[in-house]
Amino acid sequence: MKRIFYSLLSLTLSISAFAQGNTHKQEPSKFEGLAMTPPMGWNSWNTFATDINEDLVKQTADIMVASGMKDAGYTYIVLDDGWMTRERDENGNLVPDPKKFPGGMKTLIDYVHSKGLKFGLYNCAGTKTCAGYPGTRGYEYQDARFYAALGIDFLKYDWCNTEGITAKEAYTTMSNALKTAGRPILFSLCEWGDNQPWEWAEPLGNMWRISGDIYPCFDCEFKHPENWSSWGFMKIIDMRKGIRKYSGPDHWNDFDMMEVGNEMNDTEDKSHFSMWCMVASPLIAGNDFRKMSKETLNILTNKGMIAINQDKLGIQGFRYNDNNGLETWVKPLENGDWAVAFLNRSEEEKTIDFNWKDHSIKDEEFNKQTSFNTSTYDIQDVWNNKKAGNTKKAYKSKIAPHDIVVLRLTKKLK
């Protein structure tokens, strides 16, 4: 049955291959409404690179359901680079690696869908992917039809081996190809921010990377031998200025897949997750669920933090002030609520002493503001899941190095 499916698919794609090119020069038009809140899920790359197979996918899907991650909002399973063979077939079609996926990719996708989850694949705008597998350049419409026939729900589209092509044009072509193929597929642009995708990608995709690859550390730069760098999560937070105005429902600034549960300690994992929630980044886990500790699971499924990330306003938070390494971040939320985070970026314990009445918060980008002199808010400590008084009294607490305190403020009823 698998052989029959791919034979029919190959014939269909070959017959329609001539449609590639000038006949598809419509205006950019992504599938609307696929990511009204930041997408949540899992991607294989951070832990497994190209060492992926169908057993890993099935086990990950099973754990997402059994652990409560699906109920917490994690819905996408995305296979990154390395899922295909090194060459296209005689008709130019991509070929899922039969050694890694002996049961067939369509059967595997059906399995993921049977769990109530969604499935994603990876490719690249260049002639080859970053790991040297067949890229999509020149095959955009053919590959889009292949993805639609498989039934995928998410496409991560990278930017390696793209000499001589323009980012906006390349991503426009793939966006139009997906739309022409007819299946709603969330389009994730992974262009690394080199060509300022936030300025042009909203009509094309549902999310776009703003940086190079993440690295599992708090605030480091990891230099690779090939003369490129990966970045600690706070380096990525600091990397782009003035782009929060471009992010919102169905068009997200993507701060990269998370490193929670990899090489950092639980405190740093908590800060990493909190900051991704504060800046309304997609929450795409990158750890091995089969070896996940209880602490890691608790971080990834914290309901209060996820609610801040998934807030329907979709406003990216911002740094309000920096007091000698103790940073205050704020994020406007629906119904007049605010999230306030205190992050200790230093290497020593700090004391939070925040007198609310000394502060008036104004978000000029999204026209949101509040004054604690005229309004009183009840305070919920998100990570401890307990009430923490109200804004009539200064908030005071000790905070360890690299730790974070996140408070949710709800306007007090008169």
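These figures come from a predicted structure and were not determined experimentally.

Novice: I keep staring at the pairing of strand β3 (residues 118-124) and nothing clicks. Help me out?
Specialist: Each regular strand displays side chains that alternate between the two surfaces of the sheet. The element β3 is largely enclosed, with a buried count of six among its seven residues. For the crossover from strand β2 (residues 76-78) across helix α5 (residues 105-114) to β3, the handedness is right-handed. Looking at chain direction, β3 and strand β4 (residues 154-158) are connected through five bridges and run parallel. Counterpart to N123 in the pairing with β4 is Y157. Each parallel crossover has a hand, and the one from β3 via helix α6 (residues 140-150) to β4 is right-handed.

Novice: Before we go on, may I ask you to explain the nonpolar core in this structure?
Specialist: Y74, W83, M105, Y147, F273 and W276 are the most contacted members of the largest nonpolar core, which totals 89 residues. Per-element accounting of this core gives the leading share, six residues, to helix α7 (residues 167-181). Non-local contacts of Y147, meaning those with residues more than four positions away in its chain, are made with W83, L94, L121, Y122, N123, T136, I152, L155, M174, L178 and I185. Counting 18 residues, the second-largest nonpolar core is a separate cluster that includes L326, I352, W356 and Y395.

Novice: Please clarify how the packing of aromatic side chains should be interpreted in this entry.
Specialist: Given two aromatic rings, one states the distance between the centres and the angle between the planes to describe the pair. All told, the structure shown has 19 aromatic pairs when counted by the stated rule. When the centroid spacing of 6.3 Å and the interplanar angle of 40° are considered together, the rings of Y171 and W200 count as tilted. With a gap of 29 residues between them, Y171 in helix α7 and W200 in the loop between β5 (186-189) and β6 (207-209) connect regions that are remote in the sequence. Take Y171 and W200: they sit in the same class, and that class is buried. Members of the aromatic cluster, each reached through a chain of ring pairs, are F342, F354, W356, F372, Y377 and Y395. Positioned above the aromatic ring of Y133 is the side chain of R86, whose terminal nitrogen or guanidinium carbon lies 3.8 Å from the ring centre. Sitting above the plane of the Y139 ring, R88 keeps its charged end 3.7 Å from the centroid.

Novice: Looking at this structure, how should I read the side chain of K350?
Specialist: Note that K350 resides in strand β14 (residues 350-354). The buried category is assigned to K350, whose relative accessible area is 10%. At a separation of 2.8 Å, a polar atom in the side chain of K350 contacts the main-chain carbonyl oxygen of N324.

Novice: What is the right way to look at the layout of surface pockets in this model?
Specialist: Rolling a probe over the atoms, with the probe sized like a water molecule, indicates the empty space that remains. For the largest pocket, the calculated volume is near 660 Å³. If you trace the largest pocket, you find 32 residues lining it, with W45, D213, H224, W228 and S230 closest to the centre. Secondary structure elements with two or more residues in the lining of the largest pocket: α2 (45-48), β4 and β8 (228-231). For the lining of the largest pocket, the class distribution of residues is 15 nonpolar, seven polar and 10 charged.

Novice: Looking at this model, I keep getting lost on unusual backbone geometry. Mind explaining?
Specialist: With glycine set apart, most residues show a phi of negative sign, and most peptide bonds adopt trans. Of note, N335 is a non-glycine position whose phi angle comes to about 65°, a positive value. N335 sits in the exposed class, given a relative accessible area of 72%.

Novice: Explanation requested: the pattern of salt bridges in the structure shown.
Specialist: Two side chains of opposite charge can pair, provided their charged atoms sit close to one another. The full count for this structure, using the stated rule, is 19 salt bridges. Residue R183 pairs with D153 through a salt bridge whose shortest N-O separation is 2.7 Å. Taken together, the residues span a long stretch of sequence, with R183 in the loop between α7 and β5 and D153 in the loop between α6 and β4 at a distance of 30 residues. A relative accessible area of 25% means that R183 is categorised as partly exposed. When its relative accessible area of 11% is taken as the criterion, D153 is described as buried.

Novice: Even after reading the chapter, I still don't get the sheet that holds strand β17 (residues 377-381), so can you show me in this structure?
Specialist: The pairing of strands in a sheet comes from backbone hydrogen bonds and takes either a parallel or an antiparallel form. The sheet built from six strands is open, its strands ordered β11-β12-β13-β20-β17-β18 with antiparallel pairing. Two strands in the sheet have a free side with no partner beyond their single neighbour: β11 (318-323) and β18 (386-390). The sheet shows a mean angle of 25° between the axes of neighbouring strands, direction not considered. Both β11 and strand β12 (residues 326-332) contribute to a ladder of five bridges, which runs antiparallel. Considered in β12, the bridge of D322 is made with E327.

What counts as what
Residues numbered from 1 in each chain as written. Predicted model: local features only at pLDDT ≥ 70, side-chain atom pairs only at ≥ 80, totals over all residues. Heavy atoms only, no water. Buried < 20%, exposed > 50% of the residue type's maximum accessible area, 1.4 Å probe, protein only. Helix = DSSP H or I, 4+ residues; strand = E, 2+ residues; numbered from the N terminus. Right-handed = clockwise from strand over helix to strand, strands pointing away. Pairing = 2+ DSSP bridges. Core = buried A, V, L, I, M, F, W, Y, C linked by side-chain atoms within 4.5 Å. Contact = heavy atoms within 4.5 Å. Phe/Tyr/Trp six-rings, centres within 6.5 Å; stacked < 30°, edge-to-face > 60°. Lys NZ or Arg CZ within 6 Å of the ring centre and 35° of its normal. Polar contact = N/O pair within 3.5 Å; in protein donor to acceptor, adjacent residues only side chain to side chain. 1 Å grid on protein atoms, 1.4 Å probe; cavity = no way out; pocket = protein on both sides within 12 Å on 5 of 7 lines; lining within 4 Å. Points joined across faces, edges and corners; volume = space filled by probe spheres on them. Nonpolar A, V, L, I, M, F, W, Y, C, P; charged D, E, K, R; others polar. Salt bridge = Lys/Arg side-chain N within 4 Å of Asp/Glu carboxyl O. Axes fitted to C-alpha atoms, helices over the stretch in contact; angles between N-to-C directions.

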